[in-house]
Amino acid sequence: MMNRRVVVTGLGMISPLGADLKTSWANALAGKSGIGRITSFDASEFGCQIAGEVKDFDASKYLGVKEMRRFDRFVHFGVAAGLMALEDSGLEVTEEEAPMVGVAIGAGIGGLEMICANNNAMVERGPRRISPFMIPGCIINMISGQLAIMKGLKGPNIAHVTACSTGLHAIGEASYIVARGDADVMIAGGAESTVCKLGIGAFDAMHALSRRNDAPEKASRPFDRDRDGFVMGEGAGVLVLEELEHARARGAKIYAEVVGYGLSGDAHHITTPATDGPVRCMRMALRHAGMKPEDIDYLNAHGTSTAVGDANEVKAIREVFGDHASKLVVNSTKSMTGHLLGGAGGVESVFSIMAVAEQVSPPTINLENVDEACAGLDFCSEGARRMEIRAAMKNSFGFGGTNSTVIYKRWTE
């Protein structure tokens, strides 16, 4: 029953580049960095003191005062991006249609800051100081749950958790829900907000984070010889996925079509990637799309700015695309946003879809000396580029050896 076509009719985004899609996209095309010194807490005791924090975000535009207090910040981001995407789509959900409109917005870690705050309160002042709203305020599926409650969405209500693949897995699985007829519309993506003491401290203890504290805007440098780790980011990216005829019937604008989805496991190591998994993942997406490697013009890479991860992804791209690899435009928008963990696949899918819709690739910034292990690809390091983009591939890979790939095709009637 996977014969229904799925299109993207709405986009919502909150990122270190802006608190909405318009601002984030404009800054991405301008090659601006959203990374700076951490301002939400005193990071002076940590080796890493930088992050891609969301600025100028007002949660009260999307949630009431009580809801704001009850939910962790990642829920604020996810709900807000979902509401933005719904508004952008122009979809009015009637009581009759509600059972066929669902939500799939996940996170990789969830309400870490709220968990820490309640633990601290318990340790310092006793168990009576634990908030009765802590559990519903920090669990990962609460973005989907709260958005469904607010908008009366009675269709499939789920949340994926696959580390840094979360947002893209959510989109891919939601597209299948629509394709097989279990929903006509799915609001899907990912969110994350772990720029807090425990989040930064934990990744810093792994020596995974860049410590380029003296030049934050230069710290995230995917594929560059001098990269020294990734930079934590926060935010959310959400799509409205809609069955084609349903979208046509209401005269919806269509950004792109979701034509391929792949997923795989490395079965290799909890944090160190293998090449085989990403290769099979990309090939599966191409197979489901009925496409050849040379049909892809643009690839938004996972590209986190880690030595092993970047080189492994480039190796996989070369294996999948062969001679066409050098003709691809491959970029990493993480060079500007940092790594949003479970929110990355959502935010970077929005960037990929905008690239397809507007026929322009954002740049990879801070790429001054390409690592020899990554050489031979066009990383669009000289600035945004106008180009033909018939189809875009988006990759996300996560701890535990979990991989996801989605292909977005340019929409034409």
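Worth saying up front: this structure is predicted, and the values here are computed from it rather than measured.

*Asks:* Looking at this structure, how should I read the sheet that holds strand E1 (residues 6–14)?
*Replies:* Across a sheet, strands are paired by hydrogen bonds formed along the backbone, either parallel or antiparallel in direction. Overall, mixed pairing links the ten strands, which are arranged E5-E4-E6-E7-E1-E8-E14-E13-E9-E10 in an open sheet. A strand with exactly one partner marks an edge of an open sheet, and here the two such strands are strand E5 (157–158) and strand E10 (329–331). Here eight bridges tie strand E13 (residues 391–398) to strand E14 (residues 402–410), and the two strands are oriented antiparallel to one another. By the bridge assignment for E14, Ser-396 is matched with Ser-404. Where helix H3 (residues 73–89) meets the sheet, its contacts fall on E1, strand E4 (101–106), strand E6 (185–192) and strand E7 (235–243), and the angle it forms with E1 comes to roughly 135 degrees.

*Asks:* Could you clarify how one ought to interpret the packing of aromatic side chains in this entry?
*Replies:* We describe a pair of aromatic rings using the distance from one ring centre to the other and the angle between the two ring planes. The final tally for this structure, using the stated rule, is eight aromatic pairs. Ring geometry for Phe-203 versus Phe-399: centroids 6.5 Å apart, planes at 45 degrees, classification tilted. Placement of the pair is Phe-203 in helix H8 (residues 197–205) and Phe-399 in the loop between E13 and E14, with a sequence separation of 196 residues. Judged by its relative accessible area of 11%, Phe-203 is buried. Pairing Phe-223 with Phe-379 gives two aromatic rings, centres 4.2 Å apart and planes at 20 degrees, and the pair type is stacked. Of this pair, Phe-223 sits in the loop between H8 and E7 while Phe-379 is found in the loop between strand E11 (360–361) and strand E12 (385–386), placing the two residues 156 residues apart along the sequence.

*Asks:* How should I be thinking about a nonpolar patch on the surface in this particular structure?
*Replies:* Taken together, the side chains of Met-122, Val-123 and Ile-130 define a hydrophobic patch exposed on the protein surface, amounting to about 250 Å² of accessible area. For Met-122, the location among the structural elements is in helix H4 (residues 112–125). Classification of Met-122 as partly exposed rests on a relative accessible area of 34%.

*Asks:* Even after reading the chapter, I still don't get the state of the cysteines, so can you show me in this structure?
*Replies:* Structurally, a disulfide amounts to a covalent bond that connects the sulfur atoms of two cysteines. Within this structure, the stated rule accounts for zero disulfides. The structure places no disulfide on Cys-116, whose sulfur is separated from the nearest cysteine sulfur, that of Cys-196, by 5.2 Å. Overall, Cys-196 belongs to the buried group, its relative accessible area being 6%.

About the criteria used
Residues numbered from 1 in each chain as written. Predicted model: local features only at pLDDT ≥ 70, side-chain atom pairs only at ≥ 80, totals over all residues. Heavy atoms only, no water. Pairing = 2+ DSSP bridges. Helix = DSSP H or I, 4+ residues; strand = E, 2+ residues; numbered from the N terminus. Contact = heavy atoms within 4.5 Å. Axes fitted to C-alpha atoms, helices over the stretch in contact; angles between N-to-C directions. Phe/Tyr/Trp six-rings, centres within 6.5 Å; stacked < 30°, edge-to-face > 60°. Buried < 20%, exposed > 50% of the residue type's maximum accessible area, 1.4 Å probe, protein only. Patch = residues over 30% accessible without salt bridge, like charges linked within 9 Å, V, L, I, M, F, W, Y side chains within 5 Å. Areas by Shrake-Rupley, 256 points an atom, 1.4 Å probe, with all protein chains shown as cover. Salt bridge = Lys/Arg side-chain N within 4 Å of Asp/Glu carboxyl O. Disulfide = S-S within 2.5 Å.

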